[in-house]
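Each chain is listed here by its residues.
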Amino acid sequence: MKKIITVLICIFTMSSLCFASKRELKVYIMGQQFEDISGIFLQQETGRVMVPVRRIAEKFGATVEYLPPTEERGAGFVINKNDISIRMFEDSSRAYLMKNSNMKSIDMGAKVVNINSINFVPVRFISENLNFKVEWKNFDGYDLVEITENKNI
């Protein structure tokens, strides 16, 4: 009986993953659809929604500074907004967050991905650390990531 239940759970999970990969993904920021010719995608390995860093940061009123590679690390960038600074590097899932003069190292759950010289980052990580609220909503035929002001700050 346990084997049958396990098999049924596996079949259901696999079919859900296949079905989810065919769904359209939309990102809305402050009520307006975020579209980018570079693309927005769901990273299958991590389940993270990835967006182009410069475009999303600028939508939030932040700036992005490029960091050239060194012998110790690859290229990276710093996102700055008010008293918040987020430093990330290509092919790394580690981010360095400076907020209110406190620095901490955080695992984003997905690596920064460089595709055709454009860096993609997890949208939830960037949004929440720049003090925005993120909600995932499922609708018929598509999934929606809705980003709004975090009024609790």
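Residues numbered from 1 in each chain as written. Predicted model: local features only at pLDDT ≥ 70, side-chain atom pairs only at ≥ 80, totals over all residues. Heavy atoms only, no water.

K.L.:
A description of the layout of surface pockets should follow, citing residues and the corresponding values.
P.N.:
Computed from the structure, the largest pocket encloses a volume of approximately 250 Å³. Every element with two or more residues in the lining of the largest pocket is listed here: strand E4 (48-52), helix H3 (123-129) and strand E12 (132-139). Top contributing element to the lining of the largest pocket by residue count: H3, with three residues. Within the lining of the largest pocket, the residues separate by chemical class into nine nonpolar, one polar and two charged. Its boundaries defined by the atoms lining it, the second largest pocket holds a volume of some 200 Å³. (1 Å grid on protein atoms, 1.4 Å probe; cavity = no way out; pocket = protein on both sides within 12 Å on 5 of 7 lines; lining within 4 Å. Points joined across faces, edges and corners; volume = space filled by probe spheres on them. Helix = DSSP H or I, 4+ residues; strand = E, 2+ residues; numbered from the N terminus. Nonpolar A, V, L, I, M, F, W, Y, C, P; charged D, E, K, R; others polar.)

K.L.:
Explain the confidence of the model for the protein chain to me, using residue names and the numbers behind them.
P.N.:
This prediction gives the protein chain a mean pLDDT of 87; 85% of its residues lie at or above 70. Ranking the elements of the protein chain by mean pLDDT puts helix H1 (residues 2-21) last with 44 and strand E7 (residues 84-89) first with 98. Considering only residues more than four positions removed or in separate chains, one finds that residues 5-20, a stretch of pLDDT under 50, has zero contacts. (pLDDT = per-residue confidence, 0-100. Contact = heavy atoms within 4.5 Å.)

K.L.:
Describe the nonpolar core, with residues and values.
P.N.:
In terms of nonpolar packing, the biggest core is built from 30 residues, with Ile79, Ile86, Met88, Ile126, Leu130 and Ile147 touching the most fellow members. Other than its neighbours up to four places away in sequence, Met88 contacts Gly76, Phe77, Ile79, Arg94, Ala95, Met108, Val112, Val121, Phe125 and Ile126. (Core = buried A, V, L, I, M, F, W, Y, C linked by side-chain atoms within 4.5 Å. Buried < 20%, exposed > 50% of the residue type's maximum accessible area, 1.4 Å probe, protein only.)

K.L.:
Would you mind going over the sheet that holds strand E6 (residues 76-81) in detail, with residue names and values included?
P.N.:
Spatially, five strands are ordered E5-E6-E7-E8-E9 in an open sheet, and the strand pairing comes out antiparallel. Where the open sheet ends on each side, the last strands, each with one partner, are strand E5 (63-67) and strand E9 (102-107). Between one strand axis and the next, the sheet turns by 20 degrees as a mean value, whatever way the strands run. Across five bridges, the pairing between E5 and E6 is antiparallel. Note on E6: the bridge partner recorded for Glu65 is Val78. (Pairing = 2+ DSSP bridges. Axes fitted to C-alpha atoms, helices over the stretch in contact; angles between N-to-C directions.)

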